[in-house]
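Understanding the architecture of this molecule
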Amino acid sequence: MSEERKVTYENSNQTKSLLDEMDTSNKNLQNIGVELLTVHTEGTVHAKRMPGKFRTIKWVIAAMWLSFFIGPYLQWDGRQAILFNLVDRQFHFFGITVLPQDIWVLAMILLFFALLLAATTAVAGRLWCGYACFHTVWTDIFTWVEEKFEGLPNKRMKLDQEPISFSKLRKKVPKWIIWAIIGFMTGFSFVAYFDPALSLWARLFTFEWSGTEATIILALGAATVFFAGFLREQVCIGFCPYARIQGAMIDTETVVPTYDVDRGEPRGRMKRAKPGEEQPDLGDCIDCNLCVAVCPTGVDIRKGQQFGCITCGLCIDACDSVMEKIKKPKGLIRYASLAEFAGKAFVPLYKRPRVIVYSSIMTFAAVAMIWGLATMSPLDVKVLHERAPLFVQMSDRTIQNKYYVKVVNKGNARLDASIEVTGPESLFYIGPKSIQVEPGNVGTATLLVRVPKKDLTEANTPIEILVTDQNNPAVSSTYSSMFIGPKVR
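Cut-offs and rules
Residues numbered from 1 in each chain as written. Predicted model: local features only at pLDDT ≥ 70, side-chain atom pairs only at ≥ 80, totals over all residues. Heavy atoms only, no water. Helix = DSSP H or I, 4+ residues; strand = E, 2+ residues; numbered from the N terminus. Buried < 20%, exposed > 50% of the residue type's maximum accessible area, 1.4 Å probe, protein only. Contact = heavy atoms within 4.5 Å. Areas by Shrake-Rupley, 256 points an atom, 1.4 Å probe, with all protein chains shown as cover. Pairing = 2+ DSSP bridges. Axes fitted to C-alpha atoms, helices over the stretch in contact; angles between N-to-C directions. Salt bridge = Lys/Arg side-chain N within 4 Å of Asp/Glu carboxyl O. pLDDT = per-residue confidence, 0-100. UniProt positions renumbered as here; feature names shortened; annotations may be inferred. 1 Å grid on protein atoms, 1.4 Å probe; cavity = no way out; pocket = protein on both sides within 12 Å on 5 of 7 lines; lining within 4 Å. Points joined across faces, edges and corners; volume = space filled by probe spheres on them. Nonpolar A, V, L, I, M, F, W, Y, C, P; charged D, E, K, R; others polar. Parallel < 35°, antiparallel > 145°, perpendicular 65-115°, else oblique. Left-handed = near helix turned anticlockwise from the far one by under 90°. Polar contact = N/O pair within 3.5 Å; in protein donor to acceptor, adjacent residues only side chain to side chain. Phe/Tyr/Trp six-rings, centres within 6.5 Å; stacked < 30°, edge-to-face > 60°. Lys NZ or Arg CZ within 6 Å of the ring centre and 35° of its normal. Arc of directions from axis to C-beta.

With that out of the way, let us pick up the overall build of the chain. Broken down by element type, the chain carries 18 helices and 16 strands. Classification of the 489 residues of the chain by burial places 45% in the buried group. Partitioning the intrachain contacts of the chain with sequence separation of at least 6 by distance along the chain shows that 69% fall at a separation of at least 24. Working note: accessible area of the chain is about 26200 Å², and carbon and sulfur atoms make up 63% of it.

This part covers the sheet that holds strand S5 (residues 96–98). Pairing is antiparallel in the open sheet, where 3 strands are placed in the order S3-S4-S5. The open sheet has two edge strands with one neighbour each: strand S3 (82–85) and S5. The average undirected angle you get between the axes of adjacent strands in this sheet is 15°. For strand S4 (residues 90–93) and S5, the ladder comprises 3 bridges, and the chain directions are antiparallel. Its bridge partner lying in S5, phenylalanine 91 is registered against valine 98.

A complete count under the given rule lists 28 salt bridges for this structure. Between arginine 156 and glutamate 146 there is a salt bridge, with its nearest N and O atoms 3.1 Å apart. Of this pair, arginine 156 sits in helix H8 (residues 153–161) while glutamate 146 is found in helix H7 (residues 134–150), placing the two residues 10 residues apart along the sequence. This pair shows no difference in class: arginine 156 is buried, exactly as glutamate 146 is. Of the charged contacts, one joins arginine 302 and aspartate 287 as a salt bridge, the two residues approaching to 2.9 Å between their closest N and O atoms. Here aspartate 287 lies in the loop between helix H14 (261–264) and helix H15 (290–293) and arginine 302 lies in the loop between H15 and helix H16 (314–325), a separation of 15 residues in the sequence. Under the relative-accessibility criterion, arginine 302 is labelled buried at 8%. Three or more residues are tied together by salt bridges with common partners; here these are Arg49, Arg55, Lys58, Asp140, Glu146, Glu147, Glu150, Arg156, Asp160, Lys172, Lys175 and Arg232.

Moving on, we come to the sheet that holds strand S11 (residues 415–422). An order of S13-S11-S15-S16 is seen for the 4 strands of this open sheet, with the pairing classed as antiparallel. In this open sheet, the two strands that pair with only one neighbour each are strand S13 (434–437) and strand S16 (476–484). If you compare each strand with its neighbour and ignore which way they point, the axes differ by 25° on average.

Before going further, it helps to spend a moment on the confidence of the model for the chain. Across the chain, the average pLDDT comes to 86, with 89% of residues at or above 70. Within the model, pLDDT remains below 50 along residues 1–41, and this stretch shows 79 contacts once partners closer than five positions in the same chain are excluded.

Looking now at the UniProt feature "transmembrane region" (unreviewed entry) in the chain. Following the UniProt record, one finds the feature "transmembrane region" (unreviewed entry) at residues 57–76, 103–124, 176–194, 214–231 and 356–374. Helix makes up 100% of residues 356–374 and strand makes up 0%, while its end C-alpha atoms are separated by 27 Å.

In this structure, the largest pocket encloses a volume near 2200 Å³. Lining the largest pocket are 48 residues, and of these Trp65, Phe68, Phe113, Trp128 and Phe134 sit closest to its centre. No other element matches the 8 residues that helix H5 (residues 103–124) contributes to the lining of the largest pocket. Classifying every residue of the lining of the largest pocket by side-chain character gives 38 nonpolar, 9 polar and 1 charged.

This part takes up empty space enclosed by the protein. Using the criterion set out here, one finds 5 cavities of 30 Å³ or more in the structure. Approximately 270 Å³ is the volume found for the largest cavity. The wall of the largest cavity is formed by 23 residues, among which Ala47, Thr139, Asp140, Thr143 and Pro296 lie closest to the centre. At the level of secondary structure, the elements contributing two or more residues to the lining of the largest cavity comprise helix H3 (53–64), H7 and helix H12 (233–239).

Geometry of a packed helix pair, given as the angle between the helix axes and the separation of the axes. Two elements in contact, H7 and helix H9 (residues 166–192), have axes separated by 9 Å at closest approach and are oriented at 155°. Taken together, the axes of H7 and H9 lie roughly antiparallel to each other. Handedness of the H7/H9 crossing: right-handed. Each of Trp138, Ile141, Phe142, Val145, Glu146, Phe149 and Glu150 in H7 lies in contact with H9, whose residues at this interface are Lys171, Lys172, Pro174, Lys175, Ile178, Trp179, Ile182 and Thr186. Broken down by class, the residue content of the contact of H7 with H9 amounts to 9 nonpolar, 1 polar and 5 charged.

Attention now goes to the side chain of glutamine 90. With respect to the helices and strands, glutamine 90 occurs in strand S4. Side chain to side chain, glutamine 90 and histidine 92 meet in a polar contact 3.0 Å long. Apart from the residues lying within four places of it in its own chain, the contact partners of glutamine 90 are Leu83, Phe84, Asn85, Val98, Leu99, Pro439, Gly440 and Asn441.

Let's shift gears to the packing of aromatic side chains. In this description, a pair of aromatic rings is defined by centroid distance and the angle of the planes. Overall, the coordinates contain 23 aromatic pairs when judged by the stated rule. Look at phenylalanine 188 and tryptophan 201: their rings are 4.2 Å apart centre to centre, the planes differ by 35°, and that puts the pair in the tilted class. In this pair, phenylalanine 188 sits in helix H9 while tryptophan 201 sits in helix H10 (residues 197–205), placing the two residues 13 residues apart along the sequence. Given the relative accessible area of 0%, phenylalanine 188 is considered buried. Here tryptophan 201 falls in the partly exposed class, since its relative accessible area comes to 22%. Within the aromatic cluster, the residues linked to one another by ring pairs are Trp65, Phe68, Phe69, Phe134, Trp138 and Tyr193. For the cation-ring pair, lysine 58 lies above tyrosine 131, with the distance from its terminal atom to the ring centre recorded as 5.9 Å.

Bringing H8 into the picture now. Residues of H8 that are buried include every one of Pro153, Arg156, Met157 and Leu159, and no others. For H8, the angular spread of the buried residues around the axis is 165°, confining them to a single face. When the buried face of H8 is taken as reference, the exposed residues oriented beyond 90 degrees from it are Lys155 and Lys158.

Dropping the structure here:
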């Protein structure tokens, strides 16, 4: 394990020895409530939890993730409010139903949030990683459960080093059971967005899950426990692709947790001055290592920006709490840009090329998304012209064209659609005047449109096919097509 990630002590005896050596300086800090022991076990970072502004923000965002578990049970018009029905190719979001014909709207939504991620990275680093990433949130929840069963970091480290025993299993097994429940609910909730949740629960107790459903739920549950419970920070450091590419999105103006070297160095422990002893000229950092102890990835922010930093701000909470206790100004570690420490003037966001590009694309995606949702009609009409043959001359000297009218019902109720064809005054057609289309389905009507040959002045004559909801005449769609006849000499 590299020194940049964490300070590692081989065993508790070495830790005790270290504390004995620092006994004099420790007493002063322990009197003001600062815990100096900031060690992590090999292979797993056991981060210390402490209150603070950024910890509160993390918990608020984690609470918002509860909507992930609640979402599948919300109802709208007698149906699951959020449902991605892949079998019927329907995507329901409350009162909006998106069909494959409008899939571009979903593409705009994905584009918007992808660029939002890039924009926030350019402005303030890995904010997504530190606060909103589902892995970060789930890991926080899993380690909170672990702390309730196994105690504070030092106790957990000691427990990990103990050989297998009944006492150890008595603490580990209940924790693993809670982890398994959280993992199962995570996998179940994910599948419930694609398969109605209430039906999924009913079929669970009658053992009627399909092999696909069971495999996905159990696999996701196991993956959740493995990644959030056991790998933890290793996912952020070794597996997450975003951690690899985020370096290309930041620059010297990006605001990230930064250690003020000029103010903090040279660092040193606080000591009680003996009579006649000259105090060393030290910076504000008292080398308590509390910033390392609270870091979920074991980073020492005092060594500069590092690959493992997820911009969560917990080191700022830790340092500010120490500065408050030793009567020093807060902000020794703070959100700041490298340009600020270099003494450069602040560059407004609207003058930063990265932010301008990301924001422009986000604006385009947002406008397209809003326009698409605002103009989305409950019905959609497509008309296909018969191509073989393009037209037929009837015995009564009329020219006939054949059309297939496809009506898509995007609403939640059955659609009674009337069909009307307009064009030359002498136009008439043979076919259904109306059709019924079930919600989310496509209805097809075959029309034989005829026009007397003498009334055709051109080879291609414009016609319009109007489809109207009989129950709501305000909902209609007009499709413009061509009536094809013989060339006029």
